[in-house]
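Commentary on secondary and tertiary structure
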Amino acid sequence: MTIKSIFTCIVVCIIIACSSEKQSENDEARLKEIGREYVVLGLTIGQYDPDFVDAYYGPDSLRPRAVRDTSAFPKDSLILQVSGLQKQIAELVAASTNDTIRSRADWLASQLTAFERRIKIFSGETAPFDTESKDLFDAVAPVYSEKHFQDLIAKLDGILPGKGPLPDRFQKLATRFLIPKNKIDTVFQVAIAEARKRTLQHYTLPPGENFKLEYVTDKPWSGYNWYKGNYQSLIQINISQPIFIQRAIDLACHEGYPGHHVFNALLEKNVYRDKGSQEISLYPLFSPQSLIAEGSANYGISIAFPGDEQEQYCKQVLMPVAGLDTTGIHAYFEAAKIGSALNYARNEVARGLVNKSMTDKEALRWLTDYCLLTEKGAADYLRFIKKYRSYVINYNYGQDLVKSYIERTSGQDSEKRWKAFEKLLSNPMKASDLMAQKKE
């Protein structure tokens with residue numbers, strides 16, 4: 001090859017590289033504009049649907065002008081805007097060769113699919129449970145028969161003391177470990193401090209991150225994290241429901257460390273502030289983002305307290321603080337392990353109610369007989385299902401998907417799990433991403 005030919009090849013390569021770089025810049029600019037429109041659209045929907053926006057920490061300049069009359073829901077107009085953004089995303093994905101841009105665009109497309117489904121639900125147009133969950137959360141939970149839960153309940157017979165119906169025996173045992181009302185705040189403060197300490201041993205969180213803890217009543221949920229932006233959260237605990245000793249750790253991890261508070265803070269720091277991805281500043285509750293949020297928050301309990309450490313910490317620290325006798329605590333935790341598998345009965349109740357194949361009376365029976373809830377707890381959870389519908393799959397199926405993903409990539413090594421978990425918390429992902437990894 002002559003010097004002239006070599007020089008020509010070099011020039012061509014430089015031109016191709018510059019052209020590719022210019023194309024990536026153009027794609028990035030297009031995606032940024034789509035992300036901005038996505039945020040504005042989500043905030044607009046939130047003006048009509050009060051449950052739509054769970055958190056927003058982007059610029060106030062993107063907030064739409066307040067709507068005076070929210071009774072006239074512009075369903076068709078909003079769906080048309082969703083379709084327009086979906087079309088732009090499809091064109092961008094087809095044209096771009098940048099994997100990072102394509103990945104962001106794919107995540108946005110799934111979020112917008114959820115927008116359309118939620119718009120339809122809010123306007124009274126429903127679909128079968130599995131169709132709804134697929135569109136909203138990018139996942140379809142497995143179906144279990146009543147026999148499956150009857151078999152799980154039967155396993156409690158050798159664990160629970162006494163005789164009689166197993167749900168009654170479980171409640172009798174659980175009542176021993178009910179946190180007294182005057183001890184709830186102290187127990188929660190201790191549990192949160194321990195969960196935070198364990199998380200900080202592995203993660204460097206944004207400076208100034210913090211939360212405010214409040215106790216509320218008459219809610220359909222047991223705990224809620226309201227993320228406020230700038231690494232701040234408001235964590236509310238519903239004290240209308242009975243709070244048993246292990247729930248202190250569950251909620252401390254789920255709502256706080258390394259759960260929702262850490263998840264939102266890391267996304268804000270690593271994706272919104274460091275990378276400038278504006279779309280992540282909006283957290284639509286009914287979206288694929290929630291499966292990752294709830295699934296990781298539940299799995300985070302076993303990340304912070306692996307093996308029997310939750311039981312031991314309750315026995316050695318929290319129960320003395322609460323003034324509770326530790327007799328029978330091991331049987332209680334053994335029963336709770338089966339209770340974790342029984343949680344899938346909540347999905348079947350929600351599936352039955354959404355599909356109109358189960359009555360309220362039957363739903364309450366399932367919640368008491370198979371989910372081992374008190375009558376008060378069952379009534380509250382029925383309220384939850386009627387409000388949040390297929391959202392229930394995010395807790396159990398979401399947890400199992402996250403668990404499988406983390407343990408498949410990290411094995412039994414605790415430090416590797418913490419690192420893989422941090423990566424999950426720091427990047428926009430969805431259920432199909434976790435499952436795709438499984439196939440590789």
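Placed above this text is the structure.
The text that follows walks through the structure, step by step, so that each part is easy to find. What you are looking at is a predicted structure, and each value in this text was computed from that prediction instead of being measured.

About the cut-offs
Residues numbered from 1 in each chain as written. Predicted model: local features only at pLDDT ≥ 70, side-chain atom pairs only at ≥ 80, totals over all residues. Heavy atoms only, no water. Salt bridge = Lys/Arg side-chain N within 4 Å of Asp/Glu carboxyl O. Buried < 20%, exposed > 50% of the residue type's maximum accessible area, 1.4 Å probe, protein only. Helix = DSSP H or I, 4+ residues; strand = E, 2+ residues; numbered from the N terminus. Axes fitted to C-alpha atoms, helices over the stretch in contact; angles between N-to-C directions. Parallel < 35°, antiparallel > 145°, perpendicular 65-115°, else oblique. Contact = heavy atoms within 4.5 Å. Pairing = 2+ DSSP bridges. Polar contact = N/O pair within 3.5 Å; in protein donor to acceptor, adjacent residues only side chain to side chain. Phe/Tyr/Trp six-rings, centres within 6.5 Å; stacked < 30°, edge-to-face > 60°. Lys NZ or Arg CZ within 6 Å of the ring centre and 35° of its normal. Core = buried A, V, L, I, M, F, W, Y, C linked by side-chain atoms within 4.5 Å. Nonpolar A, V, L, I, M, F, W, Y, C, P; charged D, E, K, R; others polar.

Re the pattern of salt bridges
Side-chain pairs of opposite charge can arise where the charged atoms are in close proximity. If you walk through the whole model with that rule in mind, you get 35 salt bridges. The closest approach of N and O atoms between Asp-274 and Lys-269, which form a salt bridge, is 2.8 Å. On the basis of relative accessible area, Asp-274 is assigned to the partly exposed category, the value being 48%. A salt bridge links Glu-362 to Arg-365; the nearest nitrogen and oxygen atoms lie 2.6 Å apart. Here the residue Glu-362 and the residue Arg-365 both occupy positions in helix α14 (residues 360-369), the gap between them amounting to three residues, near one helical turn. Residue Glu-362 is classed as partly exposed on the basis of its relative accessible area of 30%. Here Arg-365 falls in the partly exposed class, since its relative accessible area comes to 27%. Among the charged side chains, a salt-bridge network with shared partners connects Glu-146, Glu-362, Arg-365 and Asp-369.

What about the packing of helix α13 (residues 344-354) against α14?
At a closest axis distance of 10 Å, the pairing of α13 and α14 adopts a crossing angle of 175°. What the angle tells us is that α13 and α14 run roughly antiparallel. Seen from α13, the contacting residues are Ala-345, Arg-346, Glu-348, Val-349 and Leu-353; seen from α14, they are Asp-360, Ala-363, Trp-366 and Leu-367.

What about the sheet that holds strand β2 (residues 210-216)?
Pairing within the open sheet is mixed, and its three strands lie in the order β2-β4-β3. Each edge of the sheet is formed by a strand with only one pairing partner; in this case those strands are β2 and β3 (223-229). Each strand of the sheet is rotated relative to its neighbour by a mean of 20°, with strand direction disregarded. In the sheet, β3 pairs with strand β4 (residues 232-238) via six bridges, with the strands oriented antiparallel. Residue pairing for β4: Gly-229 is matched across the bridge by Gln-232. Contacts from helix α8 (residues 245-256) reach β3 and β4 within the one sheet, and its direction differs from that of β3 by about 25°.

Focus on the environment of Glu-125
Along the chain, Glu-125 falls in the loop between α3 (99-122) and α4 (129-137). Taking C-alpha positions, Glu-125 is 15 Å from Lys-386, a pair spaced 261 residues apart along the chain. Those residues in contact with Glu-125, other than ones at most four positions away along the chain, are Lys-75 and Lys-120. Of the polar contacts made by the side chain of Glu-125, one reaches the side chain of Lys-75; its length is 2.6 Å.

Things to note about the packing of aromatic side chains
Applying the stated criterion to the full structure yields 29 aromatic pairs. Relative to Phe-122, the ring of Phe-73 lies with its centre 4.9 Å away and its plane at 75°, an arrangement referred to as edge-to-face. Here Phe-73 is found in the loop between β1 (53-56) and α2 (75-95), whereas its partner Phe-122 is found in helix α3, with 49 residues between them in sequence. When the centroid spacing of 6.0 Å and the interplanar angle of 65° are considered together, the rings of Tyr-299 and Phe-421 count as edge-to-face. With Tyr-299 in helix α10 (residues 288-304) and Phe-421 in helix α17 (residues 414-425), this residue pair connects regions lying 122 residues apart in the sequence. Given the relative accessible area of 1%, Tyr-299 is considered buried. An aromatic cluster is defined as three or more aromatic residues linked by ring pairs; in this entry it consists of Phe-137, Phe-286, Tyr-381, Phe-384, Tyr-388, Tyr-391 and Tyr-395. Residue placement shows Arg-346 over the ring face of Tyr-381; its charged tip is 4.5 Å from the ring centre.

Some details on the nonpolar core
One finds Tyr-38, Phe-115, Ile-245, Leu-318, Tyr-332, Phe-421 and Leu-424 to be the most contacted residues of the largest nonpolar core, which totals 140 residues. Of all the elements, α3 adds the most residues to this core, at 10 residues. In this view, Ile-245 contacts Phe-177, Ile-179, Val-187, Cys-314, Leu-318, Met-319, Ala-322, Leu-324 and Ile-329; residues no more than four positions away in its chain are not counted.

Regarding the packing of helix α9 (residues 260-273) against α10
One can describe the packing of α9 onto α10 by two numbers: an axis separation of 9 Å at closest approach and a directional angle of 130°. In terms of orientation, α9 and α10 fall into the oblique class. For the pair α9 and α10, the contacting residues are His-260, Phe-263 and Leu-267 in the first and Gln-289, Ile-292, Ala-293, Glu-294, Ser-296 and Ala-297 in the second. Split into classes, the residues belonging to the contact of α9 with α10 amount to five nonpolar, three polar and one charged.

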